[in-house]
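Fold and contact review
Chain by chain, the residues run as shown.
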Amino acid sequence: MDILIFSGQSNMQGQTESNPNDKPVKNAKEYKLLTDSLVDLKNPVGEDIGDLLLASHLGHGSLVPYFVDSYSKNTNHEVIAVHVSKGATIVEQFLKSSPIGVDRYNKLVKKVKGAFKKANSIEHIYFIWLQGESDAINKTTYDTYIKQMIELKNDLKEDLGIEKFAIIEVGYFGYIVHGNYDYDEIIMKAQEDLPNIDKDFVLLTDICKKLSLDDEYINPDAAGHYNNKAMRIIGETAGKRLA
């Protein structure tokens, strides 16, 4: 059995136009901390834990079930999915060393460890990350983003034993605020370079760059956020790649 941890900001949290009303994913469960239970994995995912970790926005869709379904079909592994995301967050707001991140980090670790206890056996532990939009808005520098990502990865490796920090490269978002792509592309470059800097990182896909600039794949009610059609594409693509 594999543990797949899904973290990041709103596009990982899930902020689509509706609940896609999918069937549960076979050979997979989702862990819920508040009830300390395993439930069928389907949209919506996650749970509201204060303001630290949030469920799919308005009970709508996310990429998580599509990712897990693709991953499981390509590995023949059973999966426990753990959704630990929060919209509008910069990397620092996930860091154990930061006053603005430590509470979220600790809650994330607590939830994942709860999932560990529900697994009969654990073969692989992977951390999947879709985040960076807020860092682009915040004009986070390349060097700062690299440093903070490595720090986050190192803490997760020590505290949870993750084998890989798997990145779904961020799409364009900061341009909505800044009027240009410069700050988005700084974050993109950092995410593309991380696997070459540190072998614990792997880049799963850069498909969000294309989807984020095509209105066919954007939630009409939330600029820069993917719709259910895009979530399926992102999830299936990245899940197969991780497998």
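Heads up: these notes are all about the structure in this document. (Residues numbered from 1 in each chain as written. Predicted model: local features only at pLDDT ≥ 70, side-chain atom pairs only at ≥ 80, totals over all residues. Heavy atoms only, no water.)

**Describing the overall build of the chain**
For the chain, the count of helices and strands is nine helices and seven strands. With the C-alpha coordinates of the chain rotated into their principal frame, the extents come out at 50 × 40 × 35 Å. Taken across its 243 residues, the chain has 58% of its residues classed as buried. Within the chain, contacts between residues separated by at least 24 positions form 73% of all contacts whose residues are at least 6 apart in sequence. For the chain, the computed accessible surface area is about 10,100 Å², with 47% contributed by carbon and sulfur atoms. (Helix = DSSP H or I, 4+ residues; strand = E, 2+ residues; numbered from the N terminus. Buried < 20%, exposed > 50% of the residue type's maximum accessible area, 1.4 Å probe, protein only. Contact = heavy atoms within 4.5 Å. Areas by Shrake-Rupley, 256 points an atom, 1.4 Å probe, with all protein chains shown as cover.)

**A few points about the packing of aromatic side chains**
All chains considered together, the criterion is met by nine aromatic pairs. Summarising the aromatic geometry, the rings of Phe127 and Trp129 are spaced 6.0 Å apart at their centres and angled 25 degrees between planes, so their arrangement reads as stacked. When its relative accessible area of 0% is taken as the criterion, Trp129 is described as buried. Centre to centre, the rings of Trp129 and Phe165 are 5.7 Å apart; their planes meet at 55 degrees, and the pair counts as tilted. Taken together, the positions of Trp129 in strand 5 (residues 124-130) and Phe165 in strand 6 (residues 164-168) put the pair 36 residues apart, joining distant regions of the chain. As far as burial versus exposure is concerned, Trp129 and Phe165 are alike and both buried. By way of ring pairs, the aromatic residues Phe94, Phe127, Trp129, Phe165 and Phe201 are connected into one cluster. Between Arg104 and the ring centre of Phe94, over which it is positioned, the NZ or CZ distance is 5.6 Å. (Phe/Tyr/Trp six-rings, centres within 6.5 Å; stacked < 30°, edge-to-face > 60°. Lys NZ or Arg CZ within 6 Å of the ring centre and 35° of its normal.)

**Concerning a nonpolar patch on the surface**
Residues Ile137, Ile176 and Val177 make up a contiguous nonpolar surface patch of roughly 230 Å² in combined accessible area. Within the element layout of this structure, Ile176 appears in helix 6 (residues 175-178). (Patch = residues over 30% accessible without salt bridge, like charges linked within 9 Å, V, L, I, M, F, W, Y side chains within 5 Å. Salt bridge = Lys/Arg side-chain N within 4 Å of Asp/Glu carboxyl O.)

**Structural notes on the environment of Ile125**
The topology assignment puts Ile125 in strand 5. Taking relative accessible area as the criterion, Ile125 reaches 11% and is therefore assigned buried. In this structure, the C-alpha to C-alpha distance between Ile125 and Lys110, residues 15 residues apart in sequence, is 15 Å. Dropping the residues within four chain positions of it, Ile125 is found in contact with Ile3, Ile5, Phe116, Leu160, Gly161, Ile162, Glu163 and Lys164.

**Examining the nonpolar core**
Core analysis: the biggest nonpolar cluster contains 39 residues, and Leu108, Trp129, Met149, Leu156 and Phe165 have the highest contact counts within it. Sorting the residues of this core by element identifies strand 1 (2-8), strand 4 (79-85), helix 3 (102-118), strand 5, helix 5 (142-160), strand 6 and helix 7 (182-197) as the ones contributing at least two each. Those residues in contact with Leu108 that lie beyond four places of it in its chain are Ser7, Leu53, Val84, Phe94, Phe127, Leu156 and Leu160. Counting 33 residues, the second largest nonpolar core, distinct from the first, contains Val25, Leu63, Ile168 and Leu204. (Core = buried A, V, L, I, M, F, W, Y, C linked by side-chain atoms within 4.5 Å.)

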